[in-house]
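This is what each chain is made of:
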Amino acid sequence: MQKIIIDTDPGQDDAVAILLALAAPEIKVLGITAVAGNVPLALTEKNARIICELAGRPDIKVFAGAARPMKRELVTAEYVHGKTGLNGPELWEPKMPLQPQHAVDFIIETLRSTDDVILCVLGPLTNIAMALTKAPDIAVRIKQIVLMGGGCFEGGNTTPAAEFNIYVDPHAAKIVFAAGIDLVVMPLDVTHKALATRPRVAAFAGMGTKVGRFTAEMLDFFERFDMAKYGSEGGPLHDPNVIAYLLAPEIYTGRDVNIEIETASELTMGMTVVDWWGVTGRTPNARYIRDLDSDAFFDLLVRRFKSLP
Ligand code: BDR
Ligand code: CA
């Protein structure tokens, strides 16, 4: 059993990642912590609760965290995800409560009291960096952080140099990458190979379940923007790769490398400077995933989603 906290800014692809985790009997979701990112915090925490209810799991604890990045103004991505963050399917007002505790305190308390917790990070790294700053003792308690963020060979998706999650809070990313934690990075170089093509979206629609329909409707919306932007056959399904990595690491390949985060230059703000060829001699601080078996990834998603309502 892998014990995880999902830190997230849903986001259609975040939603698919949460659903995959809730579908997996070998994963125990200790809590979901929301952060501002794709849309403001009031929407990301609400969307996280909607997804738990959709999966028939109103028992999952959802916490609200940082409403803005550590130093910079919040940048959101309604132009990709729609005004709600989950545009596509019909949404509802969730009935399950938001937990009163702040997400950062939940992360600290859980790590101090529970061994072997993995942090699955699907949004800007603000909550995680704030937890590490407030309670530096938790760094050694974290079993691993698997995060979606950054890019190298693909370039950026938000600026020519930067990927969205790192761009939104580069100072937080810098803290996390320098904390000496076992880090696995799912960058655009791999998520841009996980394309939700028409037949793959149709497989969700064809499941005949509530979750299958909801997922297909989310992906239909989410794809439009990315297909037009990249001219690809489908939009990249970023965040579910973080959870899929826990379930099927054998479908991913990568390398241990040094990654530094740019926080000085406005032109390249939030760039992940990946020393893929080991030219700097700097010590590796992350496992950088570069490739996946995309058919195996979508097979895994569809197979696991069949257990959801
Ligand atoms: C990342 O940014 C968000 O738009 C997605 O949810 C994903 O986490 C991709 O750059
Ligand atoms: Ca996200």
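Since the structure is predicted, the reported quantities are computational estimates derived from the model, not experimental observations.

Undergrad: It is not clear to me how the site of ligand 1 should be interpreted in this structure. Could you clarify?
TA: With respect to spatial proximity, the complete set of residues near ligand 1 consists of D13, D14, N38, H81, L122, M148, N157, E163, F164, N165, H238 and D239. A distance of 2.9 Å separates an oxygen atom of ligand 1 from a polar atom in the side chain of D14. Considering ligand 1 on its own, with 280 Å² of exposed area, one finds that the protein chains cover 96% of that surface. The cavity where ligand 1 resides is the largest cavity. Every element with two or more residues in the shell around ligand 1 is listed here: α1 (12-23) and α6 (164-168).

Undergrad: Mind showing me how you'd approach the environment of L122 here?
TA: Locating L122 in the fold gives a position in the loop between β4 (117-121) and α5 (126-134). Judged by its relative accessible area of 0%, L122 is buried.

Undergrad: Mind showing me how you'd approach the coordination of the calcium ion (ligand 2) here?
TA: For a metal bound by four donors in tetrahedral geometry, the ideal donor-metal-donor angle is 109.5 degrees, whereas six donors in octahedral geometry ideally sit at 90 or 180 degrees. For the calcium ion (ligand 2), the full set of protein donor atoms is D9 (OD), D14 (OD), D14 (OD), L122 (O) and D239 (OD), at a range of 2.2 to 2.6 Å. In the primary sequence, the donor residues of the calcium ion (ligand 2) line up as D-x4-D-x107-L-x116-D. There is no split in this pair, since D9 and D14 are both buried.

Undergrad: Would you explain the sheet that holds strand β2 (residues 27-34) in this entry?
TA: Strands belonging to one sheet form pairs held by backbone hydrogen bonds; the direction of such a pair is parallel or antiparallel. If you trace the 8 strands from one edge of the open sheet to the other, you get β3-β2-β1-β4-β5-β6-β12-β9, paired in mixed fashion. The sheet terminates laterally at β3 (62-64) and β9 (252-257), the two strands that pair on one side only. Averaged over all pairs of adjacent strands, the angle between their axes in this sheet comes to 25°, without regard to strand direction. Alignment of strand β6 (residues 183-186) against strand β12 (residues 286-292), held across 2 bridges, turns out to be parallel. Opposite V184, over in β12, you have R287 as the bridge partner.

Undergrad: Quick question: what am I supposed to make of the packing of aromatic side chains here?
TA: For any pair of aromatic rings, geometry is given as the distance between the ring centres together with the angle between the planes. Scanning the entire structure with this criterion turns up 7 aromatic pairs. Here the aromatic rings of W276 and Y288 are separated by 6.0 Å at their centres, their planes lie at 70°, and the arrangement is edge-to-face. Within this pair, whereas W276 is found in the loop between β11 (272-274) and β12, its partner Y288 is found in strand β12, the two being separated by 12 residues in sequence. Residue classification places W276 among the buried residues on the basis of a relative accessible area of 10%. According to the relative accessible area criterion, Y288 is buried, its value standing at 1%. By the ring-pair criterion, three or more aromatic residues cluster together here, those being F153, W276 and Y288.

Undergrad: Would you take a moment to explain the pattern of salt bridges for this structure?
TA: Two side chains bearing opposite charge may form a pair once their charged atoms approach each other closely. Applying the stated rule across the entire model yields 13 salt bridges. The closest approach of N and O atoms between E26 and R304, which form a salt bridge, is 2.8 Å. With E26 in the loop between α1 and β2 and R304 in helix α12 (residues 294-305), this residue pair connects regions lying 278 residues apart in the sequence. Residue classification places R304 among the buried positions, given a relative accessible area of 17%. R57 is the salt-bridge partner of D59, the closest N and O atoms lying 3.0 Å from each other. According to the relative accessible area criterion, D59 is partly exposed, its value standing at 49%. Classification of R57 by relative accessible area gives partly exposed; the value is 29%.

Undergrad: So what exactly am I meant to see when it comes to the side chain of D13 here?
TA: With respect to the helices and strands, D13 occurs in helix α1. Overall, D13 belongs to the buried group, its relative accessible area being 3%. Every residue in contact with D13, bar those within four places of it in the chain, is listed here: H81, F222, L237, H238, D239 and P240.

Undergrad: Is there a simple way to explain the packing of helix α4 (residues 103-113) against α5 in this structure?
TA: To characterise two packed helices, one gives the angle between the axes of the helices and the distance between these axes. The N-to-C vectors of α4 and α5 enclose an angle of 60°; their axes lie 9 Å apart at closest approach. When the axes of α4 and α5 are compared, the pair comes out oblique. α5 is crossed by α4, and the crossing has right-handed handedness. The residues of α5 that touch α4, namely those facing A103, V104, D105, I107 and I108, are N127, I128, M130, A131 and K134. Its residues assigned to classes, the contact of α4 with α5 shows 7 nonpolar, 1 polar and 2 charged.

Parameters and conventions
Residues numbered from 1 in each chain as written. Chains lettered and ligands numbered in written order. Predicted model: local features only at pLDDT ≥ 70, side-chain atom pairs only at ≥ 80, totals over all residues. Heavy atoms only, no water. Near = heavy atom within 4 Å. Polar contact = N/O pair within 3.5 Å; in protein donor to acceptor, adjacent residues only side chain to side chain. Areas by Shrake-Rupley, 256 points an atom, 1.4 Å probe, with all protein chains shown as cover. 1 Å grid on protein atoms, 1.4 Å probe; cavity = no way out; pocket = protein on both sides within 12 Å on 5 of 7 lines; lining within 4 Å. Sits in = over half its atoms within 2 Å of the grid points. Helix = DSSP H or I, 4+ residues; strand = E, 2+ residues; numbered from the N terminus. Buried < 20%, exposed > 50% of the residue type's maximum accessible area, 1.4 Å probe, protein only. Donors = N, O, S within 2.8 Å, 3.2 Å for Na, K, Ca; no water. Pairing = 2+ DSSP bridges. Axes fitted to C-alpha atoms, helices over the stretch in contact; angles between N-to-C directions. Phe/Tyr/Trp six-rings, centres within 6.5 Å; stacked < 30°, edge-to-face > 60°. Salt bridge = Lys/Arg side-chain N within 4 Å of Asp/Glu carboxyl O. Contact = heavy atoms within 4.5 Å. Parallel < 35°, antiparallel > 145°, perpendicular 65-115°, else oblique. Left-handed = near helix turned anticlockwise from the far one by under 90°. Nonpolar A, V, L, I, M, F, W, Y, C, P; charged D, E, K, R; others polar.

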